[in-house]
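# A structural walkthrough
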Amino acid sequence: MPPVKSILVVEDELKIARLIRDYLEQAGFSVLTAPDGESGLGLWRSHDLDLVVLDLGLPGQDGLDVARALRKASMVPIIMLTARTEETDKIVGLELGADDYVTKPFSPRELVARVRALLRRVDAGEAPELIRASEIEIDIPKMRVTVEGRTVDLTPTEFQILKTLAAAPGRIFTRSQLLDALHGVSFESYERAIDAHIKNLRRKIEPTPGDPRYVLTVYGVGYRFADA
Ligand code: CA
């Protein structure tokens, strides 16, 4: 049997923290909880943790500060819990390096599914040379993309965007993170340009561009590649 994964839940609302802990424990994880950022970081320093579930609205040091502190010292996977009103914080959190977010109110089952998906992604390790996602195949060294066995011609920018998204299925990328990934490629340097590239990319690779199957929009935040 694989070793039990340890998860830290930083959440000041005790009822929610307990609910998350119960569901994660039932799913076979070992769980620690902390009611604020300071004690969360303390637990993180003294334990070997596999993932952190981090509430953004915390008393004292807020969730963004905690995410920043975690990212300074490690690549531990982070899932943020956000309220609907924290749209900007959500984007900042993703840009600080959080891997995913779940919006409150959320279903504990969905959170458990996200935790599992993120740990799977981390275990899968570095991006491979060949990415296969259902009917799409991306040969990175050759910069070649095939959809259902048919080669599609992508511009270097479109290729870079597709590669970035498809290398981490399910992970959300903000427009500015996609712009970062385009470093070195010539393009209009504003974030909305990403939308235009995405539109062109979808026209080339999606069976139904208006109802995308691969490159999905995360409303108000950015894009993600379908989680197979
Ligand atoms: Ca809170």
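A word on the coordination of the calcium ion. Looking at the calcium ion, one finds its protein donor set to be D12 (OD), D55 (OD) and G57 (O), positioned 2.2 to 2.4 Å from the metal centre. Read in sequence order, the donor residues coordinating the calcium ion give the pattern D-x42-D-x1-G. With D12 in the loop between β1 (6-10) and α1 (14-26) and D55 in strand β3 (residues 51-55), this pair connects stretches of sequence that are 43 residues apart. For D55, a relative accessible area of 3% translates into the label buried.

Moving on to the packing of helix α6 (residues 156-166) against helix α8 (residues 192-205). Running from amino to carboxyl end, α6 crosses α8 at an angle of 85°, the nearest separation of the two axes being 10 Å. When the axis of α6 is compared with that of α8, the two are roughly perpendicular. In contact with T157, E158, I161, L162 and L165 of α6, α8 contributes I194, H197, I198, N200, L201, K204 and I205. Of the residues that constitute the contact of α6 with α8, the class distribution is seven nonpolar, three polar and two charged.

Looking now at the domain arrangement of the protein. Parsing the protein into structural domains produces domain 1 (6-123) and domain 2 (130-225). Placing the centre of domain 1 and that of domain 2 at their C-alpha centroids yields a distance of 28 Å. Across the contact, 10 residues belong to domain 1 and 12 residues belong to domain 2. Summed over both partners, the interface of domain 1 with domain 2 comes to about 850 Å²; 52% of that surface belongs to carbon and sulfur atoms. A per-residue breakdown of the area domain 1 buries against domain 2 is headed by L94, E95 and R121, which together make up 49% of the total. The tally of links from domain 1 across to domain 2 stands at three residue pairs in polar contact (both at pLDDT 80 or more). Per element, the largest residue contribution to the side of domain 1 that touches domain 2 is five residues, and it comes from helix α4 (residues 87-96).

This part covers the nonpolar core. Counting 26 residues, the largest nonpolar core has V145, L162, L165, I205, V215 and F225 as the members making the most contacts within it. Elements with a minimum of two residues in this core: β6 (130-133), β7 (136-139), β8 (144-147), α6, α7 (175-181), α8 and β12 (222-225). Those residues within four positions of L162 in sequence are excluded, and the remaining contacts are I138, V145, L154, L201, I205, V215 and F225. Judged by nonpolar contacts, the second largest core, of 23 residues, contains L54, L64, Y101 and I172.

Our next topic: the environment of G37. Relative to the assigned elements, G37 resides in helix α2 (residues 37-46). Owing to a relative accessible area of 1%, G37 belongs among the buried residues under this scheme. In this structure G37 touches V10, L58, Q61 and V66, once residues within four positions along its chain are discounted.

Attention shifts here to helix α3 (residues 63-73). Within α3 the residues assigned to the buried category are G63, L64, V66, A67, L70 and R71. Along the axis of α3, the buried positions cluster into a sector of 160°, meaning they face one direction only. The exposed set on the far side of α3, more than 90 degrees from its buried face, consists of K72 and A73. Tucked into the core, α3 has its buried residues touching α2, β3, β4 (78-83) and α4. Among the residues of α3, the N-terminal cap falls to D62, whose side-chain oxygen and the backbone nitrogen of L64 are separated by 3.0 Å.

Reading guide: rules and limits
- Residues numbered from 1 in each chain as written.
- Predicted model: local features only at pLDDT ≥ 70, side-chain atom pairs only at ≥ 80, totals over all residues.
- Heavy atoms only, no water.
- Donors = N, O, S within 2.8 Å, 3.2 Å for Na, K, Ca; no water.
- Helix = DSSP H or I, 4+ residues; strand = E, 2+ residues; numbered from the N terminus.
- Buried < 20%, exposed > 50% of the residue type's maximum accessible area, 1.4 Å probe, protein only.
- Axes fitted to C-alpha atoms, helices over the stretch in contact; angles between N-to-C directions.
- Parallel < 35°, antiparallel > 145°, perpendicular 65-115°, else oblique.
- Contact = heavy atoms within 4.5 Å.
- Nonpolar A, V, L, I, M, F, W, Y, C, P; charged D, E, K, R; others polar.
- Domains from an automatic or database assignment.
- Buried area = accessible area lost by both parts, 1.4 Å probe.
- Polar contact = N/O pair within 3.5 Å; in protein donor to acceptor, adjacent residues only side chain to side chain.
- Core = buried A, V, L, I, M, F, W, Y, C linked by side-chain atoms within 4.5 Å.
- Arc of directions from axis to C-beta.

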